[in-house]
Amino acid sequence: MTAWTLKVGLVLGTALFIGKGYAEQETGVTPTLIKPYRTFVTIKKYNLENNGIPSKPISNVKLEIKFPGGHAVQLPEGGHYWSIGNNQSQEINRTFELPFTVIQNDGFSFELTMIRKGKKILPCRFEVAKLSQFNRSYICRTDVAFQTNQQHLPDEKVAKEAIEIRVFSDLNALPAEIPKDAIALK
């Protein structure tokens, strides 16, 4: 290890080298550094337009989230369900902070499953890329076309629900947008 490399390692601590690494030092080219940044996922809102069970317009719902690094979270906490009726929304606004160690190639992936008693809904798989360049929001909806075309369900039996999330980092957010109550995943 050269003196320059040791100095960078001590000054920046957790900085990552991207590219050819130490071989570039011999050519006089400085390696590209990506400094650690804070990454957040906010589960914003669950929307239930129609649960697909005409005789029971009220549903019991919970969410399961699988983050990178083996972190699994249920909302509401404790594995409980909350009750929600057709054409209603449930504000959640729960923010999680991911450790920088789970960010790979400036992105990460995670899975969110809407669990509703009486219906099986496949998980939403989110692939987040170029996280350091911009923040974004996602909406995952049940596949209405699949239900009507493949399962031949009439409109009143089609499950129409969605989850809204936001993914952002402190690189592209205003200081006021950085949550003070985020749940840190370790």
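Residues numbered from 1 in each chain as written. Predicted model: local features only at pLDDT ≥ 70, side-chain atom pairs only at ≥ 80, totals over all residues. Heavy atoms only, no water.

**Student:** What should I look at first to understand the environment of Phe100 in this one?
**Tutor:** Looking at the element boundaries, Phe100 is found in the loop between strand S7 (88–98) and strand S8 (108–116). The class for Phe100 is buried, based on a relative accessible area of 17%. Put simply, Phe100 and Lys35 are 65 residues apart on the chain and 9.6 Å apart in space, counted from C-alpha to C-alpha. (Helix = DSSP H or I, 4+ residues; strand = E, 2+ residues; numbered from the N terminus. Buried < 20%, exposed > 50% of the residue type's maximum accessible area, 1.4 Å probe, protein only.)

**Student:** How should I be thinking about unusual backbone geometry in this particular structure?
**Tutor:** The phi torsion of most residues other than glycine is negative, and most of the peptide bonds are trans. Of note, the bond from Leu75 into Pro76 is cis; its omega dihedral lies within 30 degrees of zero at -5°. With respect to the helices, strands and loops of the structure, Pro76 is situated in the loop between strand S5 (72–75) and strand S6 (82–85). Of note, Asn87 is a non-glycine position whose phi angle comes to about 60°, a positive value. As for its placement among the helices and strands, Asn87 is situated in the loop between S6 and S7. A residue is classified by how much of its surface remains accessible, and Asn87, at 65% relative accessible area, is exposed.

**Student:** I tried to follow the nonpolar core on my own but got confused; where do I start?
**Tutor:** Generally speaking, soluble globular proteins have nonpolar side chains that are buried together. Membership of the largest hydrophobic core comes to 33 residues, with the highest contact counts inside it found for Ile43, Phe110 and Ile163. Among residues more than four places away in sequence, those in contact with Ile163 are Ile43, Lys45, Tyr46, Leu63, Ile92, Leu112, Met114, Tyr138, Ile139 and Cys140. (Core = buried A, V, L, I, M, F, W, Y, C linked by side-chain atoms within 4.5 Å. Contact = heavy atoms within 4.5 Å.)

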